[in-house]
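If you want the building blocks of each chain, they are given just below.
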Amino acid sequence: MLTIERALVDKIVAHARADHPDEACGVIAGPIGSDRPVRYVAMTNAERSPTFYRFDSQEQLKVWREMDDRDEEPVVIYHSHTSTEAYPSRTDVSYAAEPNAHYVLVSTRDEDDHEFRSYRIVDGEVTEEEVAIVDSYG
């Protein structure tokens, strides 16, 4: 199960809405082994595409080095789908390289509402998980 603060969910959704009709992407880092998303990092979709996302390689290297320096790991890796449901595509699954991460997808296909779903993706297998949105971590 993914437990995440409402303020972080709001940031992800706002980023997805701002980049629409292109897909948005980013990470939320947290202390290694904590499974607690804390530090929100919006990233650039190098593809600038409504159907595909890819982290800019230079930016990704910088962000992953920052996480290493801070004893953090990517707890959440997120991106948006602009015209389809919030479910990982075959391409999304093929790029899922962090077995401990929660892969969050937000669908912005409905301009008045959004879907916010989380998955574990390990060895090509997708498992949807419950999302608990909390006001703050107790």
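Just so you know, these numbers come straight off a predicted model, no measurement behind them.

## Thoughts on helix H2 (residues 57-69)
Taking 1.5 Å of rise per residue, the 13 residues of H2 would be expected to cover 18 Å, and the 18 Å separating its terminal C-alpha atoms lies within 8% of that figure. Within the sequence span of H2, burial applies to Val63, Trp64 and Met67. Taken end-on, H2 shows its buried residues confined to a sector of 95°, consistent with a single buried face. Opposite the buried face of H2, at more than 90 degrees from it, the exposed residues are Gln58, Lys62, Arg65, Asp68 and Asp69. Contacts from the buried residues of H2 go to strand E2 (25-31), strand E3 (39-43) and strand E4 (72-81). Two to three positions downstream of the cap, the backbone nitrogen of Gln58 sits 3.2 Å from a side-chain oxygen, assigning the N-cap of H2 to Asp56. Among the residues trailing H2, Asp71 stands out with phi positive, at a value near 55°.

## A look at the pairing of strand E1 (residues 2-5)
Where burial is concerned, the two faces of E1 differ: the one with Leu2 and Ile4 is buried and the one with Thr3 and Glu5 is not. Relative to strand E8 (residues 131-134), E1 is paired through four bridges, and the arrangement is parallel. Among the inter-strand pairings, Thr3 is bridged to a residue of E8, identified as Ala132.

## Some remarks on the sheet that holds E2
The strand order E3-E2-E4-E5-E6-E7 describes an open sheet built from six strands, whose pairing is mixed. Edge positions in the open sheet fall to E3 and strand E7 (125-129), since each of these has one partner strand only. Averaged over neighbouring strand pairs, the angle between their axes works out to 30° when direction is ignored. Note: strand E6 (residues 115-122) against E7, five bridges, orientation antiparallel. Considered in E7, the bridge of Ile121 is made with Val126. Those strands touched by helix H1 (residues 6-19) are E2, E3, E4, strand E5 (102-107) and E6, and its axis lies near 5° from that of E3.

Basis of the calculations
All residue numbers refer to position in the chain's written sequence, counted from 1. Reporting of local features is limited, given that this is a predicted model, to residues whose pLDDT is at least 70; pairs of side-chain atoms are given and counted only at 80 or more, and all residues count toward the totals for whole chains, interfaces and linings. As a convention, hydrogens and water are excluded, and side-chain values are obtained from all of the structure's heavy atoms. Comment: elements are numbered from the N terminus, with helices defined as DSSP H or I runs of at least four residues and strands as E runs of at least two. A helix is expected to span 1.5 Å for every residue after the first. Burial classification: accessible surface area is computed with a 1.4 Å probe over protein chains only, and a residue below 20% of its type maximum counts as buried, one above 50% as exposed, and the rest as partly exposed. Relevant arc is that of directions from the helix axis to the C-beta atoms, nothing else. In this description, contact between two residues means that some pair of their heavy atoms is separated by no more than 4.5 Å. Here a polar contact is recorded for every N or O atom pair within 3.5 Å, except that within protein the pair must consist of a potential hydrogen donor and a potential acceptor, and residues adjacent in sequence are included only if both atoms are side-chain atoms. The pairing criterion is simple: DSSP has to find at least two bridges between the two strands. In this analysis, axes come from line fits to C-alpha atoms, helices being fitted only over the stretch in contact, and the angle between any two N-to-C directions falls in the range 0 to 180 degrees.

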